[in-house]
Amino acid sequence: MTIKLNPETEERLIASIQRYCTANMDESIGELKARLLLDFCVKELGPSIYNQAIADAQSVLQEKVAELDVNCYEAEFGYWNKK
């Protein structure tokens, strides 16, 4: 699955990369260099981050499913025990 950012997010990330370079590397970079760096990060780092996020979500969901029998249990044949 290819990771595709929406245009608004992509523009905000490019601006953030430019700001980071200016603040931390004492170097201003243009939009093209920032876009190339973003593309590299999305293609190279993105899949690992995405896969870890999916694994984390699966783990949480599996825990919730395992709790179903405890949280969603109702004792049967309890009518006569009320008296």
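Residues numbered from 1 in each chain as written. Predicted model: local features only at pLDDT ≥ 70, side-chain atom pairs only at ≥ 80, totals over all residues. Heavy atoms only, no water.

All chains considered together, the criterion is met by three salt bridges. With its nearest N and O atoms 2.7 Å apart, the salt bridge here joins E10 to R35. One end of the pair, E10, is in helix 1 (residues 7–24); the other, R35, is in helix 2 (residues 31–44), and 25 residues separate them in sequence. For E10, a relative accessible area of 17% puts it in the buried group. Among the ionic pairs, E11 bridges to R35, the shortest N-O distance being 3.0 Å. Here the residue E11 occupies a position in helix 1, and R35 occupies one in helix 2, the gap between them amounting to 24 residues. Look at E11 and you get partly exposed, because its relative accessible area is 39%. Owing to a relative accessible area of 23%, R35 belongs among the partly exposed residues under this scheme. One connected set of salt bridges, linked through shared partners, spans E10, E11, E31 and R35. (Salt bridge = Lys/Arg side-chain N within 4 Å of Asp/Glu carboxyl O. Helix = DSSP H or I, 4+ residues; strand = E, 2+ residues; numbered from the N terminus. Buried < 20%, exposed > 50% of the residue type's maximum accessible area, 1.4 Å probe, protein only.)

With that settled, consider helix 1. Given a rise of 1.5 Å per residue, 18 residues ought to cover 26 Å, and the 25 Å separating the end C-alpha atoms of helix 1 matches this to within 8%. Burial in helix 1 covers these residues: E10, I14, I17 and C21. For helix 1, the angular spread of buried residues about the axis comes to 60°, placing them on one side. Facing away from the buried side of helix 1, by more than 90 degrees, are the exposed residues E8, R12, R19 and A23. Next to the buried residues of helix 1 lie helix 2. D26 lies just past helix 1 and shows a positive phi near 50°. (Expected span 1.5 Å × (residues − 1). Arc of directions from axis to C-beta. Contact = heavy atoms within 4.5 Å.)

Once that is clear, we can look at unusual backbone geometry. A positive phi angle is found at D26, which is not glycine, with a value near 50°. Residue D26 is classed as exposed on the basis of its relative accessible area, which comes to 72%. Unlike most non-glycine residues, F77 shows phi in positive territory, near 55°. With respect to the secondary-structure elements, F77 resides in the segment after helix 4 (68–71).

Everything listed here is a matter of geometry and, on its own, says nothing about what the molecule does.
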